[in-house]
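Reading the structure
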Amino acid sequence: MHEGDSSSPNDNLTIIELKKARRGNVQIILSDNTSFFINEIFVLQFSLYEGKIITQAEISGIRHESLYYSVEQKALSYLSSSLYSTQVLIMKLLKNGFPQGVINEICRKLQETGYLDDEQFARMWVKSRIEIKPMSRNLLLSGLLKRGIKQGMAKSVLLECYPIEQEKEAAARFLNNPAGLKMG
C-alpha cells in the first residue's frame, strides 16, 4: 500500500454481475453478496463491468451520483408537466423516498437555473384560480401560503395579479348573478 492510500485490500470488492432492472436502472451485484441499483448511464460513465475490482469509496461515489441524478430527473419530470412551488415539489420528492439533503441540493440547483421559481408559480396559480373560479384575495393568499409561498411574496403577487378593483368587480358580478359563478 502506498503512503496516503486509505484503501486496504479488504475494502476492495469485485463486480460479480450487472443485471438490467426496471426504469433504466442496473443492479450491481458484488463479491460480498451485497448489491445496489444505479441508473444505467453510470455503468458507462464509471466503466463498470463484471470482474472489475472496486473500492467502497468508489461505490459510495457512484451511488451518490446515481441518487443525485435520479432525484433531478424525477424533479424535472414533475416540472415538465406543471409548475410547482418549491415546498410542494419537495413534498412530492420526499413521498418518492428520496433523502431530504439531496432534494434540497437539487431544488437549489433548479432555482439557480430558473426551472423552479416560486414567484412565477404564485403568479400562474393566482391567474388560473381567478380564471377558473374568482374568489377573495384572502382565500388566494391562504392557498399560496399552504403551497409554501412566503407571505411577502404572496401579497406582492396578489397586488400585481389580482388588484382590489378586480376583486370588487368579481364580487359585484357574483352578487348580480350568483348562479352563473362556478361552485367548487
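Report on the accompanying structure. (Residues numbered from 1 in each chain as written. Predicted model: local features only at pLDDT ≥ 70, side-chain atom pairs only at ≥ 80, totals over all residues. Heavy atoms only, no water.)

**As for the overall build of the protein**
Within the protein one finds eight helices and four strands. In the protein, which comprises 184 residues, the proportion classed as buried is 31%. In the protein, once contacts between residues fewer than 6 apart in sequence are set aside, the share between residues at least 24 apart is 52%. (Helix = DSSP H or I, 4+ residues; strand = E, 2+ residues; numbered from the N terminus. Buried < 20%, exposed > 50% of the residue type's maximum accessible area, 1.4 Å probe, protein only. Contact = heavy atoms within 4.5 Å.)

**Comments concerning the pattern of salt bridges**
Counted under the stated rule, the structure contains four salt bridges. Across the pair Glu40 and Lys20 runs a salt bridge, and its minimum N-O distance is 2.5 Å. Pair noted here: Glu40 is in the loop between β3 (35–39) and α1 (41–45) and Lys20 is in strand β1 (residues 12–20), with a separation of 20 residues, a long-range link. One connected set of salt bridges, linked through shared partners, spans Glu119, Arg123 and Glu160. (Salt bridge = Lys/Arg side-chain N within 4 Å of Asp/Glu carboxyl O.)

**Comments concerning the packing of aromatic side chains**
Two aromatic rings, taken as a pair, are described by how far apart their centres are and by the angle between their planes. Tallying each qualifying case throughout the model produces three aromatic pairs. Ring centres of Tyr78 and Tyr84 lie 6.2 Å apart, and the angle between their planes is 70°; on these two criteria the pair is classed as edge-to-face. The pair formed by Tyr78 and Tyr84 is uniform in burial state, with each residue classed as buried. Looking at Lys92, its charged tip hangs above the ring of Tyr78, at a distance of 4.7 Å from the centre. (Phe/Tyr/Trp six-rings, centres within 6.5 Å; stacked < 30°, edge-to-face > 60°. Lys NZ or Arg CZ within 6 Å of the ring centre and 35° of its normal.)

**As for the packing of helix α3 (residues 86–95) against helix α4 (residues 100–112)**
Any two packed helices are characterised by the angle at which their axes cross and by the distance between the axes. Close contact between α3 and α4 brings their axes to 10 Å; oriented N to C, the two are set at 140°. The hand of the α3/α4 crossing is right-handed. Facing Thr86, Leu89, Ile90, Leu93 and Leu94 of α3, the residues of α4 in contact are Gln100, Ile103, Asn104, Cys107, Leu110 and Gln111. Split by residue class, the contact of α3 with α4 holds seven nonpolar, four polar and no charged. (Axes fitted to C-alpha atoms, helices over the stretch in contact; angles between N-to-C directions. Left-handed = near helix turned anticlockwise from the far one by under 90°. Nonpolar A, V, L, I, M, F, W, Y, C, P; charged D, E, K, R; others polar.)

**Some points on helix α6 (residues 137–146)**
What α6 keeps buried is the set Arg137, Leu140, Leu141, Gly143 and Leu144. The buried residues of α6 occupy an angular sector of 160° when the element is viewed end-on, so they sit on one face. In α6, the exposed residues that point more than 90 degrees away from the buried face are Asn138, Leu139 and Lys146. Gly148 sits one or two residues past α6 and shows a positive phi near 90°. (Arc of directions from axis to C-beta.)

**Remarks on unusual backbone geometry**
For Arg23, which is not glycine, the phi dihedral falls at a positive 55°. Tracing the backbone through its elements, the reader meets Arg23 in the loop between β1 and β2 (25–30). You can call Arg23 exposed: its relative accessible area is 74%. The residue Ser47 is not glycine, and still its phi comes out positive at about 50°. Mapped onto the fold, Ser47 is located in the loop between α1 and β4 (53–55). Its relative accessible area of 43% is what places Ser47 among the partly exposed residues.

So, to be careful, I would describe these as geometric facts and stop short of saying anything about function.
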